[in-house]
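Single-letter residue listing:
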Amino acid sequence: MKTVIKNISELIQTETSARKWVAGKDMSHISTIKDAFIEVEGGLISSFGSMEDWNGIEDWNNTEIIDAEGGMVFPTYCDSHTHLVFAASREEEFVDRINGLSYAEIAERGGGILNSADKLQNASEDELFEDALARLNELVQIGTGAIEIKSGYGLTLDAELKMLRVIKRLKAASDVTIKATFLGAHALPKEYTENKEGYMDLVINEMLPIVVKEGLADYVDIFCEEGYFTVEDTKNLLTAANKLGLQSKTHVNQFNAIGGVKSSVDLGALSVDHLEVMAEEDYEALKGSNCMPTILPSCSFFLRIPYGPAKRMIEEGLPVALATDYNPGSNPSGNMNFVASLGCIQMKMTPEEVINATTINTAYAMGVEKELGSICIGKKANLFITKQIPSYAYLPYSFGHNVIEKVMIAGKLQ
Ligand code: NIG
Ligand code: FE
């Protein structure tokens, strides 16, 4: 069975062969085809081009036609950083912040990540799965076609495994491409307040080997930050994970630059995420590496903290990815359209830079750049069709509105 989408006013982010990522000056360019069609077979992109070059229908009995009616077609977003599995919202902390408390002060009072961990430990696997699946399905409708999901609200062996099993069930239940990340080192549980070494020992020597043995994680992560985990902890965890064949993606430089970028890069991290605060040596560490700097602008928006310096990174010739960080504490939104708008509005990225940062570069940051992140023959047919819009810049411009009309995942309309 073939599917053809015809009458596309502009097909966005086309590629003749799959690239690794887009960096530096190249980020200001995207390839597009005006007045285009795209063909899908077996869930993959089989052909695309301008309507003039379309050969028409060869086999009417085996072809489904979708009329884009002058809308544009984009590859779906890849969201390479989320905490989609959680037990409860935390709007009481949101109110506390409005009333003047900081993220750190709320965490010190037992709120923050530990608050989510308490609730998650008491939630059943089925409940967590149903809630996360509902969230995932909602995100698909607004254009997300690949997502990385972290554990890290368990903080005990049982609860971390429960979270990772939920992610495994999501992988089986959805056609969306999903990657799982083990984030046992997200915060120090209360019982370990005076014994951080004890908790790191549990994460590294008990949790990590079981997670790897059971094949429950694609990556490992750690929150490298003052008041959470040190650069030393980061090095120890990443070294242990490397020995077990598990690559890392790390939380670094959200509030303080303490050296986590360099250690992560040196230990082969696939991405370093947050980067609201960057030291000069962090740029140097990233240059020439295979690590994707990933910025999370809706977290900056929600916590009123600085935005990561995307333009400076681009000037330095680096690639930049933009993801959501969807989680109940620091950003309760999984909307990649809003991330794209913030990239333009608050970070002064151009629409082209933002499209590259939310598709091909986030695909790299979750290890799926060969199968997703662009319109390329052989890649997975995860696309969205927009309403009629005047130009692709209209998408980030029209912040807070939804211009997405239809979403296709693995060749199937959702
Ligand atoms: O990426 N920074 C650390 N972890 C999450 C926030 C988690 C929370 O507050 O629940 C983040 O922002
Ligand atoms: Fe995060």
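What counts, and where the lines are drawn
- Residues numbered from 1 in each chain as written.
- Chains lettered and ligands numbered in written order.
- Predicted model: local features only at pLDDT ≥ 70, side-chain atom pairs only at ≥ 80, totals over all residues.
- Heavy atoms only, no water.
- Near = heavy atom within 4 Å.
- Polar contact = N/O pair within 3.5 Å; in protein donor to acceptor, adjacent residues only side chain to side chain.
- Areas by Shrake-Rupley, 256 points an atom, 1.4 Å probe, with all protein chains shown as cover.
- 1 Å grid on protein atoms, 1.4 Å probe; cavity = no way out; pocket = protein on both sides within 12 Å on 5 of 7 lines; lining within 4 Å.
- Sits in = over half its atoms within 2 Å of the grid points.
- Nonpolar A, V, L, I, M, F, W, Y, C, P; charged D, E, K, R; others polar.
- Buried < 20%, exposed > 50% of the residue type's maximum accessible area, 1.4 Å probe, protein only.
- Helix = DSSP H or I, 4+ residues; strand = E, 2+ residues; numbered from the N terminus.
- Pairing = 2+ DSSP bridges.
- Right-handed = clockwise from strand over helix to strand, strands pointing away.
- Domains from an automatic or database assignment.
- Contact = heavy atoms within 4.5 Å.
- Buried area = accessible area lost by both parts, 1.4 Å probe.
- Salt bridge = Lys/Arg side-chain N within 4 Å of Asp/Glu carboxyl O.

1. Focus on the site of ligand 1
Working step 1: Every one of the 15 residues lining ligand 1 counts as a neighbour, but Tyr-103, Tyr-153, His-186, Gln-254 and Ser-330 are closest to it.
Working step 2: The side chain of Arg-90 places a nitrogen or oxygen atom 2.8 Å from an oxygen atom of ligand 1.
Working step 3: The separation between an oxygen atom of ligand 1 and a polar side-chain atom of His-274 is 2.9 Å.
Working step 4: Notes on ligand 1: free accessible area 320 Å², of which the protein chains cover 100%.
Working step 5: Counting atoms within 2 Å of the grid points, the majority share of ligand 1 lands in the largest cavity.
Working step 6: Along the lines of polarity and charge, the residues of the shell around ligand 1 split into 4 nonpolar, 9 polar and 2 charged.

2. Overview of the pairing of strand 10 (residues 247–252)
Working step 1: In terms of burial, strand 10 is largely enclosed, as 5 of its 6 residues are buried.
Working step 2: Strand direction decides the pairing type here: strand 10 and strand 11 (residues 271–274), joined by 4 bridges, are parallel. Paired with Lys-249 across the bridge in strand 11 is Ser-271.
Working step 3: A crossover connection joins strand 10 to the parallel strand 11 through helix 8 (residues 260–266); in handedness this β-α-β unit is right-handed.

3. Examining the domain arrangement of the protein
Working step 1: Looking at the assigned domains, one finds that the protein contains domain 1 (2–76 + 373–413) and domain 2 (77–366).
Working step 2: Here the C-alpha centre of domain 2 lies 29 Å away from the C-alpha centre of domain 1.
Working step 3: Taken together, the contact between domain 1 and domain 2 spans 33 residues of the former and 36 residues of the latter.
Working step 4: Each partner contributes to the roughly 2800 Å² buried at the junction of domain 1 and domain 2, and carbon and sulfur atoms together form 64% of this total.
Working step 5: The largest share of the area that domain 1 buries against domain 2 comes from Trp-21, Met-27 and Pro-396, three residues that together contribute 24% of it.
Working step 6: Here domain 1 and domain 2 share 1 salt bridge between them.

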